[in-house]
2 protein chains.
Amino acid sequence: MTVEYLPPALETLVEQFAKLPGVGAKSAQRLAFYVLSMPEGGAEAVAQAEVGARGRSAGGPGCQNFAEGDGPCPVCADPRRDRSTICVVADPKDVTAMERGREYNGLYHVLHGVISPMNHVGPDDLRIQPLVSRVAAGDVSEVIMATNPDTEGEATAMYLARLLRPFGVRVTRLAYGVPVGSHLEFADQATLMRALEGRQEL
Amino acid sequence: MTVEYLPPALETLVEQFAKLPGVGAKSAQRLAFYVLSMPEGGAEAVAQAEVGARGRSAGGPGCQNFAEGDGPCPVCADPRRDRSTICVVADPKDVTAMERGREYNGLYHVLHGVISPMNHVGPDDLRIQPLVSRVAAGDVSEVIMATNPDTEGEATAMYLARLLRPFGVRVTRLAYGVPVGSHLEFADQATLMRALEGRQEL
C-alpha cells in the first residue's frame, strides 16, 4: 500500500483495517482516522471488543457455533428450542440467516466450511466428527442439511447424509425451488427443473 | 410526444413504435428511421410479420398458447409429449421459460393472466373454462401449477386447485425454495421458510 507521511502506528492500523473483507485502502484510512478522533477510551473499547469476541468464539462445545468461552451458543442455551432437530450449516453467518426466518425451532451444527477438493478442503478439515457424536448420542430424530445450494454445498450434504444414515435419523435438505416473490421468466434452468422435480401437492 | 418536422406517416410510425414496451421516444425514432432506410421490401416484410403473428396467435384450441391459425400450438403438436400432464402458466412467455429447462415433457395451459382483484381481473377474465374442459375430458392425471411465486400467482393456483379437485386429478405446484447456485445468506426470509417447510429426504 502507498500510505505515506503517516506515523508508523497509524500506518499499521490502516494496514490492519485494509485486511478486513470489503475494506479497501481508502476506507481503511478513513476508519483509522475515525478511531483516532474517537473520544477518550473509544479506541480501547473497539480493541477490547475485537479481542474479546475472537477469544470467546472458538466454537461452541457441541454445535461449533460461535459462543462465549466454554458455554453453549445462544441457540443451544435457549431451553425452548427443540433438541431433536439439527440444522447443518456451513458457516456461523448461515445460522443468522436461518434465524431471520423465525420459524426454525431446532438446534444447529456449524461445519465451518464445505468439502471442496479444489481448495484442498476434505471432510477432516470440517467439524464433522462433533456432528456424528451428537447424532450417535441418540436424542436426534432429524438432521436438516442447509448448506448452500451450490455444487460444494450439495456434495457436502450428500456426504453427510451417507455418513449419518446408519444412525437411523431422518436426513433432509432445504427445498430447491423458485424464490418467493420472483418470476418464472427470470428463473434459471437448473432452478426451474428442481422446482419441477420437487413439486408438491396443493 | 414532441417529434417535430417529420412527415405525418413517419410521425405515425414513431408513435406506434413508442407504444411497444421498453421503447422510449428516442428509440422509437431510431427504429422508424431504420425502417425507412431498409432495402426495397424490408418495411413490407416487417409489417407482414407483425400482422401475420398477431392474426395467427389468438390462442390455441385447448391450451390457449400462441398457435398458428386454428392449429395446435407447437407443444401440443409434438406427438412425443405426455398428454396426461398439464402445466398451468400465467403467460405464453412462461411456456418458453419452462421449455428452456428441457425436462418437462407434458402439455401446457396458458391462463393469460392471474386473478388480481386490485386490477379488476377475476376468474372469468382468464382462460380457466378451457382448462376445466380439458381436465373434465378425463385424460389428464396431473395438473402442475406454475404460476409466478408471488401473491397473485399463489392465489390463482389455490383457486384452480379447489376448482379441479372434484375431477380427481393430482394437483401440484412448483416447489418454492432456494435457487440453485445461490447463497443462504442472500435468501429472503419467506423463501428460507418455504425451503424449510418443503424440505426433502436425502
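Residues numbered from 1 in each chain as written. Chains lettered and ligands numbered in written order. Predicted model: local features only at pLDDT ≥ 70, side-chain atom pairs only at ≥ 80, totals over all residues. Heavy atoms only, no water.

Moving on, we get to the interface of chain B and chain A. By a widespread convention, an interface's size corresponds to the accessible area lost as its parts come together. Residue-level contacts link 51 residues of chain B with 51 residues of chain A. Of the roughly 5000 Å² buried between chain B and chain A on both sides combined, carbon and sulfur atoms contribute 59%. Inspection of the chain B/chain A interface yields six salt bridges. Two residues, Glu185(A) and Lys93(B), come together in a salt bridge whose shortest N-O distance is 3.7 Å. Where chain B meets chain A, there are 28 residue pairs in polar contact (both at pLDDT 80 or more). Elements supplying a minimum of two residues to the side of chain B that touches chain A: helix H5 (92–100), strand E3 (142–145), helix H7 (151–164), strand E4 (170–173), helix H8 (189–197) and strand E5 (200–201) of chain B. Looking at which element gives the most residues to the side of chain B that touches chain A, the answer is H8(B), with nine residues. Classifying every residue of the side of chain B that touches chain A gives 25 nonpolar, eleven polar and 15 charged. Strand direction decides the pairing type here: strand E4 (residues 170–173) of chain A and E5(B), joined by two bridges, are antiparallel. In the strand pairing of E5(B), Thr172(A) is matched with Glu201(B). (Contact = heavy atoms within 4.5 Å. Buried area = accessible area lost by both parts, 1.4 Å probe. Salt bridge = Lys/Arg side-chain N within 4 Å of Asp/Glu carboxyl O. Polar contact = N/O pair within 3.5 Å; in protein donor to acceptor, adjacent residues only side chain to side chain. Helix = DSSP H or I, 4+ residues; strand = E, 2+ residues; numbered from the N terminus. Nonpolar A, V, L, I, M, F, W, Y, C, P; charged D, E, K, R; others polar. Pairing = 2+ DSSP bridges.)

Let's shift gears to the sheet that holds strand E1 (residues 85–89) of chain A. Whether parallel or antiparallel, the strands of a sheet pair through hydrogen bonds between backbone atoms. The sheet built from five strands is open, its strands ordered E2(A)-E1(A)-E3(A)-E4(A)-E5(B) with mixed pairing. Of all strands in the sheet, those with a lone pairing partner are strand E2 (107–110) of chain A together with E5 of chain B, marking the two edges. The pairing of E1(A) with strand E3 (residues 142–145) of chain A spans four bridges and is classified as parallel. The residue bridging Ile86(A) from the neighbouring strand is Val143(A), located in E3(A). Packing against the sheet, helix H5 (residues 92–100) of chain A makes contact with E1 and E2 of chain A, and its axis sits at approximately 155 degrees to E2(A). Sheet strands touched by helix H6 (residues 128–136) of chain A: E1, E2 and E3 of chain A. Its angle to E2(A), the strand with the most contacts, is close to 150 degrees. (Axes fitted to C-alpha atoms, helices over the stretch in contact; angles between N-to-C directions.)

Right, let's get into the pairing of E2(A). Residue and element names in this part refer to chain A. Where burial is concerned, the two faces of E2 agree: the one with Leu107 and His109 and the one with Tyr108 and Val110 are both buried. Note that E1 and E2 share four bridges and pair parallel. When the sheet's bridge partners are listed, Cys87 is paired in E2 with Tyr108. Handedness of the crossover joining E1 and E2 through H5 is recorded here as right-handed. (Buried < 20%, exposed > 50% of the residue type's maximum accessible area, 1.4 Å probe, protein only. Right-handed = clockwise from strand over helix to strand, strands pointing away.)

A few words now on the packing of helix H1 (residues 8–18) of chain B against helix H2 (residues 25–37) of chain B. Residue and element names in this part refer to chain B. Put simply, H1 and H2 touch, their axes get as near as 8 Å, and they point 125 degrees apart. By the criterion of interaxial angle, the relationship of H1 to H2 is oblique. The crossing of H1 and H2 is right-handed. On the side of H1, the interface is formed by Leu10, Leu13, Val14, Phe17 and Ala18, while H2 contributes Ala28, Gln29, Leu31, Ala32, Phe33, Val35 and Leu36. Taken together, the residues that form the contact of H1 with H2 break down as eleven nonpolar, one polar and no charged. (Parallel < 35°, antiparallel > 145°, perpendicular 65-115°, else oblique. Left-handed = near helix turned anticlockwise from the far one by under 90°.)

Take the pattern of salt bridges next. When their charged atoms lie close together, side chains carrying opposite charge are able to pair. On inspection of all chains with the given rule, the structure shows 18 salt bridges over all chains. In this structure, the salt-bridge partner of Arg170(A) is Glu142(A), at a minimum N-O distance of 3.2 Å. One end of the pair, Arg170(A), is in strand E4; the other, Glu142(A), is in strand E3, and 28 residues separate them in sequence. Taking relative accessible area as the criterion, Glu142(A) reaches 7% and is therefore assigned buried. Among the ionic pairs, Lys93(B) bridges to Asp91(B), the shortest N-O distance being 3.6 Å.

What follows covers the confidence of the model for chain A. Residue and element names in this part refer to chain A. Across chain A, pLDDT averages 87, with 94% of residues at or above 70. When pLDDT is averaged over each helix and strand of chain A, the minimum, 79, is found for helix H3 (residues 42–55) and the maximum, 96, for E3. This prediction of the complex comes with two scores: 0.73 for pTM and 0.71 for ipTM. (pLDDT = per-residue confidence, 0-100.)

Attention now goes to unusual backbone geometry. Residues and elements named next belong to chain B. At His112, a position not held by glycine, the phi torsion is positive, near 60 degrees. Looking at the secondary structure, you find His112 in the loop between strand E2 (107–110) and helix H6 (128–136). Assessed through its relative accessible area of 27%, His112 is described here as partly exposed. A positive phi angle, close to 55 degrees, is found at His120, a residue other than glycine. Overall, His120 belongs to the exposed group, its relative accessible area being 71%.

Right, let's talk about the relation of the copies chain B and chain A for a bit. What connects the two chain copies is a rotation about an axis and a shift along it. Screw-axis analysis of chain B against chain A gives a translation of 0.2 Å along the axis, an RMSD of 0.2 Å, and a rotation angle of 180 degrees. Each copy turns onto its partner about a two-fold axis. Proximity to the rotation axis, assessed at the C-alpha, singles out Gly177(B) in chain B; its C-alpha lies 2.0 Å from the axis. Here 100% of the interface residues in chain B have copies in chain A that are interface residues too; the copies meet face to matching face. (Least-squares fit on C-alpha atoms with pLDDT ≥ 70 in both.)

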